[in-house]
Amino acid sequence: MHVDHLTFAVGSAGLAAETERLGALLGERFRDGGFHPRFGTRNHILPLADDRYLEVVEVLEHPAAEKAAFGQAVRARSEMGGGWLGWVVSVDDLAPFEERLEREAVTGSRHFPDGRLLEWRQIGVKGLISDPQLPYFIKWDSDPSVLPSALKGDIRLDRIEISGSRSRVEEWLGHRVGDEFDGVRIKFSSQNGQPGIMSATFITPNGKIKI
């Protein structure tokens, strides 16, 4: 299992303003990720070190956004003012999760501004909606050369602080989550009544930045 990326939902300021704000904090510019036709969303991305990336996502007035779980999740978080939506774990095989959750993974895709196509399958967004501390699962189907992580950023994801239960997340993952998981420090806290990501800390050329 690999901590693949973090997802941040925009608030009322919109995608351009939110990525400019976060980019200023981290000292890097986000890239236009493109439109997700299956989900009715679009994103900007910031490649990180260790084959990870940060995604800032916005829901669109699009029919797919009303039907797709991911579009619904983004809309709900944005209507709450925006912020951390969740974390995403990439796996080599989705079959065990499809069997456990008793449903098939959904196909996702987006075209880069230059026309290249990125494709993947994902499952577990409904779990994220019901319990935001839980990650969802993704399997990339495209060539590694077009994956967001292929861009190799300099910023490193250092720590994720989650309001929730370590045992609940371990049960969901089917994998132990220690103080460090796939090279990322994971801290669980019960101080906040609402489950989900409380903060993420990044190591940048200008020092540690907590968002």
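Before any of the text, the structure's been laid out above.
Residues numbered from 1 in each chain as written. Predicted model: local features only at pLDDT ≥ 70, side-chain atom pairs only at ≥ 80, totals over all residues. Heavy atoms only, no water.

Student: How should the sheet that holds strand β13 (residues 207-210) be read in this particular structure?
Tutor: Strands in a sheet are paired, the pairing made by backbone hydrogen bonds, and the direction either parallel or antiparallel. The strand order across the open sheet formed by five strands is β10-β11-β9-β12-β13, and the pairing between neighbours is mixed. Two strands bound the open sheet, and with one partner strand each, they are β10 (180-181) and β13. Examined bridge by bridge, strand β12 (residues 196-204) and β13 share four bridges and lie antiparallel to one another. Bridging from a neighbouring strand, T201 pairs with K210 of β13. (Pairing = 2+ DSSP bridges. Helix = DSSP H or I, 4+ residues; strand = E, 2+ residues; numbered from the N terminus.)

Student: Would you take a moment to explain unusual backbone geometry for this structure?
Tutor: Most peptide bonds take the trans configuration, and most residues that are not glycine carry a negative phi. In this structure, D51 takes a positive phi of about 60° despite not being glycine. Within the secondary structure, D51 is located in the loop between β3 (41-48) and β4 (52-59). The class for D51 is partly exposed, based on a relative accessible area of 33%. Backbone geometry places D182, a non-glycine residue, at a positive phi of 55°. The topology assignment puts D182 in the loop between β10 and β11 (184-189). For D182, a relative accessible area of 31% translates into the label partly exposed. (Buried < 20%, exposed > 50% of the residue type's maximum accessible area, 1.4 Å probe, protein only.)

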